[in-house]
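# Fold and contact review
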Protein chains: 2
Amino acid sequence: MDERLQQVLDYIEEHKEEYVELLRRFCRQPSVAATGEGIREMAGMVYEELEKLNAGPEMIETGGSPFIYAQIKGDVDRTFGFYDHYDVQPVDPINEWIVDPYSAEIIDGVIYARGVADNKDGLVTRLCAVDAWQKVHGKLPLNVKFLFEGEEEIGSPHLVSFAKAHPDMIQCDGYVWEGGNREPGGPAEITMGVKGLLYVELHAKVSEKDAHSMNAAIMPSATWRLVWALNTLKDQEGNILIDGFYDGIPPISQAEMEALKTDVFSEEASKEILGIDEFLYGMTGDDLLTHLYYKPTCNICGITAGYQGEGSKTVLPGKASCKIDFRLVPGQDPQRILGLLRAHLDKHGFSDIEVKCNSGCPAHRSDPEAPFCKAVIRSMEKLFNEQPCIQCTSGGTSPMYAFCADTNIPAAMFGASSETANIHAPNEHLAVDAFIDMIRVTATVMHEFAVQE
Amino acid sequence: MDERLQQVLDYIEEHKEEYVELLRRFCRQPSVAATGEGIREMAGMVYEELEKLNAGPEMIETGGSPFIYAQIKGDVDRTFGFYDHYDVQPVDPINEWIVDPYSAEIIDGVIYARGVADNKDGLVTRLCAVDAWQKVHGKLPLNVKFLFEGEEEIGSPHLVSFAKAHPDMIQCDGYVWEGGNREPGGPAEITMGVKGLLYVELHAKVSEKDAHSMNAAIMPSATWRLVWALNTLKDQEGNILIDGFYDGIPPISQAEMEALKTDVFSEEASKEILGIDEFLYGMTGDDLLTHLYYKPTCNICGITAGYQGEGSKTVLPGKASCKIDFRLVPGQDPQRILGLLRAHLDKHGFSDIEVKCNSGCPAHRSDPEAPFCKAVIRSMEKLFNEQPCIQCTSGGTSPMYAFCADTNIPAAMFGASSETANIHAPNEHLAVDAFIDMIRVTATVMHEFAVQE
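Sequence order sets the numbering: in each chain, residues are counted from 1 along the sequence as written. Chains and ligands are labelled sequentially in the order written, the chains with letters from A and the ligands with numbers from 1. The model is predicted, so local features are restricted to residues of pLDDT at least 70 and side-chain atom pairs to those at 80 or more, both for listing and for counting; the totals for chains, interfaces and linings are taken over all residues. Side-chain metrics in this entry use all non-hydrogen atoms of the structure; hydrogen atoms and water are not considered.

On to the overall build of chain A, then. Check the secondary structure of chain A and you find 14 helices and 19 strands. The C-alpha atoms of chain A give a radius of gyration of 24 Å, which matches the 22 Å a tight globule of 453 residues would have. Principal axes of the C-alpha set define a box for chain A whose edges measure 80 × 50 × 45 Å. Considering only residue pairs separated by 6 or more positions, chain A has 79% of its internal contacts joining residues 24 or more positions apart. Note that accessible areas follow from Shrake-Rupley with a 1.4 Å probe, and for residues the cover is restricted to the protein chains shown. For chain A, the computed accessible surface area is about 17,100 Å², with 48% contributed by carbon and sulfur atoms. The centroid of the 38 positive side-chain charges in chain A is displaced by 5 Å from the centroid of its 70 negative side-chain charges. Helix and strand labels come from DSSP, where a helix needs a run of H or I of at least four residues and a strand needs a run of E of at least two; each type is numbered from the N terminus. As defined in this context, the radius of gyration uses C-alpha atoms, and a globule is described by 2.2 Å times the residue total to the power 0.38. Whether two residues touch is decided by their heavy atoms; if any such pair falls within 4.5 Å, the residues are in contact. Counted charges follow a simple rule, with Lys and Arg positive, Asp and Glu negative, and His plus the chain ends left uncounted. Every charge is mapped onto a representative atom, which is NZ of Lys, CZ of Arg, CG of Asp or CD of Glu.

Shown next, in the form of structure tokens:
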């Protein structure tokens with residue numbers, strides 16, 4: 001281990017009580033984006049901490065929760081971006097919590113608090129790692145930028161407009177993006193991309209009102225039309241049948257296939273979590289992971305029409321609708337896919353079915369061979385003496401593209417959370433040790449990227 | 001007009017105040033099958049009126065509301081069955097009524113009351129017609145049987161068991177069945193059959209719980225399976241694709257096609273009521289009516305899965321289900337169709353989809369050439385001096401088969417109600433004159449069937 005880095009890691013070890021207290025203090029401050037509760041107070045606390053780091057914070061209004069931007073110059077002219085968010089999910093259902101969700105109580109070495117694993121932990125680890133570097137060496141090994149938002153939990157409605165308004169601020173050589181998981185006993189996990197998303201509603205309507213079902217003999221059915229339309233979208237083998245849907249998707253690279261070998265995805269555990277006996281089409285191994293990470297989806301999130309209560313009601317519903325999310329991969333622009341969907345429905349005789357777009361977000365995938373990604377991977381190897389789990393992309397979605405896409409900035413997500421951390425749920429929690437580890441990781445990544453060829 | 005009948009009709013005219021008061025008295029007594037409210041009291045009132053007619057009523061317990069059976073011998077050995085029901089729908093939403101639903105107030109010659117058009121009017125017209133015949137001639141022109149139930153509005157759960165337990169009671173030469181419509185300014189309508197019904201639920205399940213929709217790449221979808229399964233049931237041309245579904249359906253007879261010419265179905269009015277611009281497949285004329293009356297249907301009454309609220313939720317629902325009603329025609333036994341549906345799903349690879357049968361009821365259609373039917377038709381022609389509307393069957397369903405099917409008894413429905421009478425809804429109403437007309441019709445039908453060759 002490089003001596004300069006070792007000194008920082010030692011400092012972190014010596015000051016871990018102080019860092020844990022900072023995290024707990026942040027967790028005691030509510031900051032619910034959905035209601036606005038405590039958002040301003042939380043932003044103020046973050047701002048103050050950045051001031052202490054001499055990062056020259058700016059509070060930037062967006063119309064919603066403020067963005068907080070700050071930067072610190074370092075030894076080399078290479079720049080890290082730290083993207084995190086200071087907002088949290090609501091605490092409901094409150095009566096299922098075993099402690100006050102804003103008490104940040106520690107029970108058996110585990111902190112229980114809303115936001116402790118998503119994403120106040122991530123945000124605080126950046127502050128602590130920077131603090132440790134400054135305290136030990138007076139200066140950072142490289143430039144860092146802090147880009148903290150307060151609306152991630154409500155879909156980051158101002159992320160794109162912020163990025164467009166502040167192209168200089170978002171420019172950097174690699175993003176440490178929010179957080180990630182490290183399962184107990186498992187290796188560190190690094191995720192270097194996300195899928196995109198197109199969320200639409202399909203609305204079929206034949207009448208404003210429902211009719212007695214005897215009229216089914218003479219009246220068109222919105223529900224049947226929706227069923228027939230849906231059936232044209234995807235076949236039973238999972239092929240999405242929209243013309244052009246797969247166009248422009250780059251082939252899966254050798255590096256991307258190689259990365260699958262490092263994956264810690266447990267098929268048995270996953271089946272148990274999902275409550276299924278078998279994966280789709282009986283897939284296993286690389287085939288399964290290839291689908292999870294590299295294939296787009298067309299999923300029905302919900303469908304509704306007519307009578308849904310107990311027993312029977314003989315009704316012909318006038319309207320039927322469904323919600324669909326397409327998880328997209330690189331090469332699939334959501335607006336283009338939306339156009340293809342409309343064209344598909346028209347072509348198949350469903351011009352009457354209205355398509356309403358709720359949101360769209362392109363995928364972003366980093367080049368695992370990029371210097372930034374290599375530095376992150378090497379950091380984990382060095383710190384933990386084992387092969388990290390490398391995911392070239394998550395199966396999930398995050399608006400990474402807003403900051404990264406235009407200039408193709410690599411990004412990596414890693415963190416101290418876990419599948420069982422109850423994020424977005426009662427009793428969100430995080431082990432103190434895992435949190436401290438992630439401060440060490442952040443400090444190490446700064447070093448490794450600074451010295452990377 | 002036959003003089004004996006004319007005397008009866010004159011008597012009805014002279015005593016119409018009294019008959020209207022009987023209807024109002026019945027309407028003031030709640031008798032809600034769904035809650036049991038007033039059922040016993042109402043049954044008691046019906047029983048008393050039948051005693052006054054010397055009909056020797058019997059209150060027959062079924063486990064639910066009691067059946068009331070009574071009979072009176074007449075001049076000729078030919079027997080009418082009067083099937084009606086003394087129960088009503090609940091009055092909710094109560095605040096939409098312009099009068100107390102149990103006040104039976106008369107406004108501008110119209111009685112407003114729960115049950116006044118469904119089916120206390122029908123029940124009372126039988127009592128009044130019989131009363132008039134007795135008062136004028138001391139004896140009825142033919143035998144009558146009264147079969148009054150108190151659970152029609154909750155699906156007649158004891159009708160079949162009653163019929164099986166009392167085969168002698170239900171035996172007759174023709175049923176005057178409940179009620180029907182006569183639109184203002186239109187001819188009398190006679191409906192001589194009903195469609196059957198098979199009501200099922202399809203349940204698809206891949207997991208007890210919903211999953212994050214990123215798992216759509218690797219997890220089966222209950223909703224997609226349901227959509228694909230539904231798609232195999234019916235094509236876009238309306239053909240029901242279940243093997244054997246159309247087997248055993250007798251061809252539409254010449255008489256049945258002829259009857260369509262008497263139909264008063266207004267395409268324009270119907271489209272307005274249904275809220276549609278065009279009927280299914282742009283049908284009009286005989287083609288439309290043939291479908292409405294003589295073709296079976298496969299209708300989705302409701303479908304449900306996953307998230308149905310405002311906005312977006314990225315979820316992969318573990319379960320999906322729908323409710324389907326098949327309207328059946330003669331030759332289609334519901335149990336057989338249920339078996340064909342199960343076989344169809346199995347054959348198309350959907351053994352995993354559970355079929356739950358909520359109810360089944362065969363169709364019943366009278367021979368329009370039967371002496372009973374001819375007597376009913378002739379009665380309308382004589383009384384109203386115009387061609388009645390003859391429907392060999394309704395597009396709707398009623399458990400007529402329970403009484404009529406085994407011995408193929410013809411049945412006819414006619415009454416004083418209307419499309420706009422608000423049955424089952426607030427402000428149910430009936431014109432006093434229409435009610436009196438239907439007493440005259442009932443009295444006339446008794447005569448015409450008695451003298452029918």
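Below, the discussion takes up the pattern of salt bridges. Residue and element names in this part refer to chain A. Here, a salt bridge means any Lys or Arg side-chain nitrogen found within 4 Å of an Asp or Glu carboxyl oxygen. By the definition in use, this model includes 50 salt bridges over all chains. For Arg4, the salt bridge goes to Asp75, with nearest N and O atoms at 3.3 Å. With Arg4 in helix 1 (residues 3-14) and Asp75 in strand 3 (residues 74-85), this pair connects stretches of sequence that are 71 residues apart. Under the relative-accessibility criterion, Arg4 is labelled partly exposed at 35%. Residue burial is assigned from relative accessible area. The probe radius is 1.4 Å, only protein chains are included, and a residue is buried under 20% of its type maximum, exposed over 50%, and partly exposed in between.

All names here are of chain A. In this structure, the amide linkage connecting Asp118 to the following residue, Asn119, adopts the cis form with an omega of 10°. Residue position: Asn119 is located in the loop between strand 5 (110-112) and helix 4 (120-137). Although it is not a glycine, Ala104 adopts a positive phi angle of roughly 55°. On the secondary structure map, Ala104 appears in the loop between strand 3 and strand 4 (105-107). You can call Ala104 buried: its relative accessible area is 0%.

What follows covers the pairing of strand 14 (residues 319-328) of chain B. Moving residue by residue along a regular strand, the side chains alternate between the two faces of the sheet. Residues and elements named next belong to chain B. Where burial is concerned, most of strand 14 is hidden: nine out of the ten residues are buried. Only strands joined by at least two bridges in the DSSP assignment are considered to pair. Here strand 12 (residues 299-306) runs beside strand 14; their pairing, made up of six bridges, is antiparallel. Looking at strand 14, one finds that Ile300 is bridged to Ile324.

Moving on, we get to the nonpolar core. Side chains of nonpolar character tend, in soluble globular proteins, to be buried together. In plain words, nonpolar cores are sets of buried Ala, Val, Leu, Ile, Met, Phe, Trp, Tyr and Cys residues tied together by side-chain atoms within 4.5 Å. Core analysis: the biggest nonpolar cluster contains 250 residues, and Phe146, Leu202 and Leu230 of chain A together with Phe146, Leu202 and Leu230 of chain B have the highest contact counts within it. In contact with Leu230 of chain B, other than residues within four places in its own chain, are Trp224 and Val227 of chain A together with Leu202, Ile300, Ile303, Cys322 and Ile324 of chain B.

Here the focus is the sheet that holds strand 5 of chain A. All names here are of chain A. An order of 4-5-19 is seen for the three strands of this open sheet, with the pairing classed as antiparallel. At either end of the open sheet lies a strand with only one pairing partner, and these are strand 4 and strand 19 (429-431). In this sheet, adjacent strand axes meet at a mean angle of 30° when their direction is disregarded. Where strand 4 meets strand 5, three bridges bridge the pair, whose relative direction is antiparallel. Axis geometry follows a simple rule: fit a line to the C-alpha atoms, using only the stretch in contact for helices, then measure angles between N-to-C directions, giving values from 0 to 180 degrees.

The next thing to look at is helix 1 of chain A. All names here are of chain A. One fewer than the residue count of a helix, multiplied by 1.5 Å, yields its expected span. Taking 1.5 Å per residue as the helical rise, helix 1 with its twelve residues ought to reach 16 Å, and the 16 Å between its terminal C-alpha atoms agrees with that figure. All buried positions along helix 1 are accounted for by Leu5, Val8, Leu9, Tyr11 and Ile12. Buried residues of helix 1, seen end-on, are gathered within an arc of 155° and therefore sit on one face of the element. Helix 1 presents Glu3 and Glu14 as exposed residues on the side facing more than 90 degrees away from its buried surface. Two or three places before Arg4, at the start of helix 1, stands the capping residue Asp2, its side-chain oxygen 2.8 Å from that residue's backbone nitrogen. The directions considered for the arc run from the helix axis to the C-beta atoms. Polar contact is the term for a pair of N or O atoms within 3.5 Å; when the atoms are in protein, one must be able to donate a hydrogen and the other to accept it, and sequence-neighboring residues count only if both atoms are side-chain atoms.

Attention now moves to the interface of chain B and chain A. Between chain B and chain A, the contact holds 69 residues from the first and 69 residues from the second. We define buried area as the total accessible area lost by two parts upon association, computed with a 1.4 Å probe and summed across both. Together chain B and chain A conceal approximately 5,600 Å² of surface at their shared face, both sides included; 61% is due to carbon and sulfur atoms. The largest per-residue losses of area from chain B upon contact with chain A belong to Ile218, Trp224 and Trp228 of chain B, which jointly make up 14% of the total buried on that side. Scanning the region where chain B abuts chain A turns up zero salt bridges. Our enumeration of links across chain B and chain A arrives at 36 residue pairs in polar contact (both at pLDDT 80 or more).

Okay, the relation of the copies chain B and chain A next. In the superposition of chain B on chain A (RMSD 0.1 Å, axial shift 0.1 Å), the rotation amounts to 180°. Both chain copies can therefore be described as sitting about a two-fold axis. No C-alpha of chain B approaches the rotation axis more nearly than that of Thr304 of chain B, which lies at 2.4 Å. A shared binding surface is used by both copies, with 100% of the interface residues of chain B retained as interface residues in chain A. Alignment of the copies relies on least squares applied to C-alpha atoms, considering only residues that score at least 70 for pLDDT in both.

Another aspect to go through is the environment of Pro399 of chain A. Relative to the assigned elements, Pro399 of chain A resides in the loop between strand 17 (389-391) and helix 13 (401-404). With residues up to four places along the chain from it excluded, the contact list for Pro399 of chain A reads Ser156, Leu159, Trp177 and Cys361 of chain A.

Time to look at helix 12 (residues 371-384) of chain A. All names here are of chain A. Between the first and last C-alpha of helix 12 there are 20 Å, a value that for 14 residues agrees with the 20 Å anticipated at 1.5 Å per step. Within helix 12 the residues assigned to the buried category are Phe372, Cys373, Ala375, Val376, Ile377, Ser379, Met380, Leu383 and Phe384. With its phi angle positive at about 55°, Asn385 sits one or two positions after the end of helix 12.

In this section: the environment of Ile300 of chain A. Its place among the elements puts Ile300 of chain A in strand 12 (residues 299-306). Residue classification places Ile300 of chain A among the buried positions, given a relative accessible area of 0%. Along the backbone, Ile300 of chain A and Cys322 of chain A are 22 residues apart, and their C-alpha atoms lie at a distance of 7.0 Å. Residues within four places of Ile300 of chain A in sequence aside, it is in contact with Leu230, Cys322, Lys323 and Ile324 of chain A together with Thr223, Trp224, Val227, Val315 and Pro317 of chain B.

Attention now goes to the packing of helix 2 (residues 16-28) of chain A against helix 3 (residues 39-52) of chain A. All names here are of chain A. Look at helix 2 against helix 3: their axes get within 9 Å of each other, and the N-to-C directions meet at 155°. Taken together, helix 2 and helix 3 sit at an angle that is classed as roughly antiparallel. In terms of crossing hand, the pair formed by helix 2 and helix 3 is right-handed. Mapping the contact onto sequence places Leu22, Arg25 and Phe26 in helix 2 and Met42, Met45, Val46, Glu49 and Lys52 in helix 3. In this classification, the charged set is Asp, Glu, Lys and Arg, the nonpolar set is Ala, Val, Leu, Ile, Met, Phe, Trp, Tyr, Cys and Pro, and all remaining amino acids, among them Gly, are polar. Looking at side-chain class alone, the contact of helix 2 with helix 3 contains five nonpolar, no polar and three charged residues. Comment on the angle field: the value is read as roughly parallel under 35 degrees, roughly antiparallel over 145, roughly perpendicular from 65 to 115, and oblique elsewhere. With the far helix as reference, a near helix turned anticlockwise by less than a right angle produces a left-handed crossing, and one turned clockwise produces a right-handed crossing.

Here we take up the confidence of the model for chain A. If pLDDT is low for a region, its predicted coordinates should not be looked at in detail. Values of pLDDT, ranging from 0 to 100, describe the predictor's confidence in every residue of the model. Per-residue confidence for chain A gives a mean pLDDT of 96; residues scoring 70 or more make up 100%. With pTM at 0.90, the complex prediction returns an ipTM value of 0.90.

This brings us to the sheet that holds strand 6 (residues 140-149) of chain B. In sheet architecture, strand pairing relies on hydrogen bonds along the backbone and comes in two forms, parallel and antiparallel. All names here are of chain B. Read from one edge to the other, the open sheet built from six strands follows the order 1-2-6-3-7-18, with strand pairing classed as mixed. At either margin of the open sheet sits one strand with a lone partner, and together these are strand 1 (58-60) and strand 18 (411-412). Where strand 1 and strand 2 (residues 67-72) come together, three bridges link them in antiparallel fashion. From the neighbouring strand, Glu58 faces strand 2, where its bridge partner is Tyr69. The sheet contacts of helix 14 (residues 432-451) involve strand 3 (74-85) and strand 6, and relative to strand 3 the element is tilted by about 140°.

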